[in-house]
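Here is how the chains run, residue by residue.
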Amino acid sequence: DESLSLEKRVQRILKYNDADAFVSIHSNAAPRKEAHGIETFQSILAQCRCKLTTMDEDLADQAHVFHEDLGENTQLLAQAIHENVVRAAERYNPQVIDRKVKERSLYVLMGPEIPSVLVEIGFLSHAREGQLLQEEHYQDDIAHGICVGIEQFLTREIV
């Protein structure tokens, strides 16, 4: 458990160039104590990653296909993890809010050229979720939900 700058986080991610996916796990907080729920972020697809400086049409087509595949795979990863985390949280809190999968230009998601998502597993600032987030069995079940989502993504057994 350590605090890293955004740049150092991306550098650490990029060291694992043989990874199949990147998942960043966070606990949310908000000034409004009523805010709660689970949300997952994926990058605004891969269009920001494409830095072609050539007019070579074959290369541009290859890059487009790569980024299109990356975007589709990122969506599959995000959805699989999100659904499993929400399902795990509902066992403890049937009123959990599904804040959905969203697209954002988050710094840590823009560097890796592998499917990358950031999952917010609940709000520390919410009374019920904050309490649950501190309980080991809840943390274990949320972690299991993330693992099941990754496994479904890797084996393409997404329900």
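Since the model is a prediction, treat every value here as computed from it, not as a measurement. (Residues numbered from 1 in each chain as written. Predicted model: local features only at pLDDT ≥ 70, side-chain atom pairs only at ≥ 80, totals over all residues. Heavy atoms only, no water.)

(A) Seen up close, the nonpolar core. If you look at the biggest cluster of nonpolar residues, it comprises 18 residues, and the most contacted ones within it are I81, V85, I121, I142 and I146. Elements with a contribution of two residues or more to this core: α2 (57–90), β4 (116–123), α4 (127–133) and α5 (136–155). A per-element tally of this core places α2 first, with 7 residues. Those residues in contact with I146 that lie beyond four places of it in its chain are V23, I25, I81, V85, V119 and I121. (Core = buried A, V, L, I, M, F, W, Y, C linked by side-chain atoms within 4.5 Å. Buried < 20%, exposed > 50% of the residue type's maximum accessible area, 1.4 Å probe, protein only. Helix = DSSP H or I, 4+ residues; strand = E, 2+ residues; numbered from the N terminus. Contact = heavy atoms within 4.5 Å.)

(B) View of the packing of aromatic side chains. In this structure the tally under the stated criterion is 1 aromatic pair. Positioned above the aromatic ring of F153 is the side chain of R156, whose terminal nitrogen or guanidinium carbon lies 4.3 Å from the ring centre. (Phe/Tyr/Trp six-rings, centres within 6.5 Å; stacked < 30°, edge-to-face > 60°. Lys NZ or Arg CZ within 6 Å of the ring centre and 35° of its normal.)

(C) Focus on α5. Between its terminal C-alpha atoms α5 stretches 28 Å, which fits the 28 Å expected from 20 residues at 1.5 Å a residue. At the exit of α5 stands R156, carrying a positive phi of roughly 60 degrees. (Expected span 1.5 Å × (residues − 1).)

(D) Examining the sheet that holds strand β2 (residues 38–43) more closely. Taking strand neighbours across the sheet as the criterion, the 4 strands line up as β1-β4-β2-β3 in an open arrangement whose pairing is mixed. The open sheet has two edge strands with one neighbour each: β1 (22–28) and β3 (98–104). Averaged over all pairs of adjacent strands, the angle between their axes in this sheet comes to 20 degrees, without regard to strand direction. Inspection of the sheet shows β1 paired to β4 by 6 bridges, in the parallel sense. (Pairing = 2+ DSSP bridges. Axes fitted to C-alpha atoms, helices over the stretch in contact; angles between N-to-C directions.)

(E) Representation of the layout of surface pockets within the structure. For the largest pocket, the calculated volume is near 360 Å³. Taken together, 12 residues form the lining of the largest pocket, with E2, R9, S24, I25 and H26 sitting closest to its centre. Looking at the lining of the largest pocket, the elements that each hand over two or more residues are α1 (6–15) and β1. Looking at the lining of the largest pocket, the element that brings in the most residues is β1, giving 5 residues. The class makeup of the residues in the lining of the largest pocket is 6 nonpolar, 2 polar and 4 charged. (1 Å grid on protein atoms, 1.4 Å probe; cavity = no way out; pocket = protein on both sides within 12 Å on 5 of 7 lines; lining within 4 Å. Points joined across faces, edges and corners; volume = space filled by probe spheres on them. Nonpolar A, V, L, I, M, F, W, Y, C, P; charged D, E, K, R; others polar.)

(F) Representation of the pattern of salt bridges. Applying the stated criterion across every chain, the model contains 4 salt bridges. Between R99 and E39 there is a salt bridge, with the nearest N and O atoms lying 3.4 Å from each other. Here the residue R99 occupies a position in strand β3, and E39 occupies one in strand β2, the gap between them amounting to 60 residues. The exposure class of R99 is partly exposed, given its relative accessible area of 27%. Residues E39 and K102 are paired through a salt bridge, measuring 2.7 Å at the closest nitrogen-oxygen approach. Taken together, the residues span a long stretch of sequence, with E39 in strand β2 and K102 in strand β3 at a distance of 63 residues. (Salt bridge = Lys/Arg side-chain N within 4 Å of Asp/Glu carboxyl O.)

It is worth stressing that arrangement in space is one thing and function is another; only the former is reported here.
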